[in-house]
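If you want the building blocks of each chain, they are given just below.
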Amino acid sequence: MGFSMKTAMASMVLLAVSASAVAGQINFEGEILDSACSLGASSVDQTISLGQTAKSVLASGGKSPVTTFNIDLIGCSLSGLTDNTVTATFTGGGSQAVLGALAVSGPSFDSFGIMLVDTSGTPIVLGTPTKTQVIQAGSNTLAFSAYLQSHATKAINPGAYTATTNFTLAYK
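Report on the accompanying structure.

Cut-off values and rules
- Residues numbered from 1 in each chain as written.
- Predicted model: local features only at pLDDT ≥ 70, side-chain atom pairs only at ≥ 80, totals over all residues.
- Heavy atoms only, no water.
- Helix = DSSP H or I, 4+ residues; strand = E, 2+ residues; numbered from the N terminus.
- Contact = heavy atoms within 4.5 Å.
- Pairing = 2+ DSSP bridges.

By secondary structure assignment, the location of V86 is in strand β3 (residues 85-91). In this structure, the C-alpha to C-alpha distance between V86 and Q133, residues 47 residues apart in sequence, is 5.4 Å. Each residue touching V86, except ones within four places of it in the same chain, is listed here: L73, K131, T132, Q133, I135, L142, L169, A170 and Y171.

Below is the structure:
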């Protein structure tokens, strides 16, 4: 093959490769905070599965097994803190079926709710700061748990449910 034939073939290969190219876009987002710690990326928006629970487990005021979830704090600096502690405040609609529980949406929204508890099993009151937890410089994990709690006398209907709680952290 001559030089011009090789050049022509190379040009055709380059054209074929560039003709199949696909373009896209990547967006980055975040927020700079004036805070003692940053939230770990997996803690910002979480989905916690409480699994599948037989309705017989919830009969007559029953409760499901407990599921633990964490809020990861990273890059913590203790400068400016007086007690080196943090509290979490969980908010959301309260259940009309179970006092102190988080409301759910779904077929049995009026017969059970989701209880949030701290590591000692003490129920967390929605809209009220949790017990203080000591933090250290660097990384920390705040552990909490959740479970389904049913009303003592209301019937449980099978089906999927959802609930949402937001949280804020306060450092001292």
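Before going further, it helps to examine the sheet that holds strand β2 (residues 67-76). The strand order β1-β2-β6-β4 describes an open sheet built from 4 strands, whose pairing is antiparallel. For this open sheet the edge positions go to β1 (38-39) and β4 (112-117), each flanked by a neighbour on one side alone. Two elements, β2 and strand β6 (residues 138-150), share 8 bridges in a ladder whose sense is antiparallel. In the strand pairing of β6, L73 is matched with N140.

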